[in-house]
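# Close look at the chain arrangement
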Amino acid sequence: MPESNSLANTANSVANARTTAPHIIRELENGLLADAAHTSPKYFYDAVGSVLFEAICVLPEYYPTRTEAEIFTQHMGDMARVIGVGGSLIDLGAGNCAKAARLFPVLHPDQYVPIDISVSHLQDAVRRLQQRFPHIEMTALGLDLAQDWKLPAEVRRDKRLFFYPGSSIGNFEPEEALAFLCHLRAACDSDAGILIGVDLIKDKSLLDAAYADSLGVTAAFNLNLLRHINHLLHTDFDVRQWQHEAFFNTEKSRIEMHLRARENIQVSWPGGQRNFIKGEHIHTENSYKYSIQGFNALLADAGFSHSCHWTDKNEWFAVIHAKAA
Ligand code: AVI
């Protein structure tokens, strides 16, 4: 790393970037100053990033969202037979709660527990859902699933179903994914289970296109990260100096997203700076793709069993159910 890149005066930078929590400032600085610069994908999702992600989900190249929806439409009845009815439906990263709401008429949960990073994100959706399904008890929770988290006592223990759609598990490193599944397993009694969406390994050209779409929406989503970091850390990133890159790394079975410097760039923030030479990149996201066998092995390592899966006709995506017993 060039000598001019320093983590000088961290305390000073904390003081300057007053509105950002110190642990976020530390995490961003450490990532930017690492030999291989990187940032966490959680920083994609400011207001603009969230809208761009919604747009990605309806792009023709981005197959996961519509394919998962098709699987639910086609196999919902069978899923209900395997999972059974009633209990607590715990929706991890619920957002607008739309995916879980489609399960209500078949799984008939007694309690619905949507979880998102901020409970205020959930409130409108939960209010609307409560009107449509007045007999389901609803308890919205604000928890950061990337940190250590614990369910409060008002979440009923009987027949918990952890619902984690969208293949968000792919954005964890495999060891983090295992730790996350173990954490879920620890919150399960023997009658509990997990219902999870998993993106499957497929032809590289399909994967490459899904993360480098022809309209450039994913590029905007990736570049917007720099604007968000400017807001959080008071960096002076100029989005126009960076280029989106995404490709499937076959050996590691993951999509990698990067931002590549178009020229030599100096990035500064209160208390620190980093020089990037032309071509150097910031690694912004991994999205792991699994085989069904590989993901079942991960579930088994986490203590889940009796796994059962449903896929689309191309076997591009899978919805997997596994039991805690
Ligand atoms: C949220 N997550 C499952 C998406 C994915 O496919 O890994 C995020 C995303 N990144 C670029 N496009 C979509």
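Please refer to the structure placed before this passage.
So, here is what we can say about the structure in this document. Source: prediction; values computed, not measured.

Reading the values: the criteria
- Residues numbered from 1 in each chain as written.
- Predicted model: local features only at pLDDT ≥ 70, side-chain atom pairs only at ≥ 80, totals over all residues.
- Heavy atoms only, no water.
- Helix = DSSP H or I, 4+ residues; strand = E, 2+ residues; numbered from the N terminus.
- Expected span 1.5 Å × (residues − 1).
- Buried < 20%, exposed > 50% of the residue type's maximum accessible area, 1.4 Å probe, protein only.
- Near = heavy atom within 4 Å.
- Polar contact = N/O pair within 3.5 Å; in protein donor to acceptor, adjacent residues only side chain to side chain.
- Areas by Shrake-Rupley, 256 points an atom, 1.4 Å probe, with all protein chains shown as cover.
- Nonpolar A, V, L, I, M, F, W, Y, C, P; charged D, E, K, R; others polar.
- Pairing = 2+ DSSP bridges.

Turning our eyes to something else, we now look at helix α10 (residues 217-233). Working note: α-helix, 3.6 residues per turn, so residues spaced by three or four point in the same direction. Spanning 17 residues, α10 covers 24 Å between terminal C-alpha atoms, matching the ideal 24 Å at 1.5 Å per step. In terms of burial, α10 is a largely internal element, 14 of the 17 residues being buried. Where α10 terminates, the next one or two residues include histidine 234, which has phi positive at roughly 60 degrees.

With that settled, consider the site of the ligand. In the neighbourhood of the ligand, 14 residues make up the surrounding shell, with Tyr62, Asn171, Tyr211, Glu285 and Ser287 lying closest. Side-chain polar atom of asparagine 171 to a nitrogen atom of the ligand: 2.8 Å apart, as the coordinates give it. Here a nitrogen atom of the ligand and a side-chain polar atom of glutamate 285 are 2.7 Å apart. Summarising the interface, the protein chains cover 96% of the accessible area of the ligand, which totals 340 Å² for the free molecule. At the level of secondary structure, the elements contributing two or more residues to the shell around the ligand comprise α3 (47-57), α10 and β11 (281-288). When its residues are assigned to classes, the shell around the ligand shows seven nonpolar, six polar and one charged.

Attention now goes to the pairing of strand β12 (residues 305-311). Where β12 lies against strand β13 (residues 317-323), five bridges are found, and the strand directions are antiparallel. Paired with serine 305 across the strands is lysine 323, a residue of β13.

The analysis is restricted to geometry; functional conclusions fall outside its scope.
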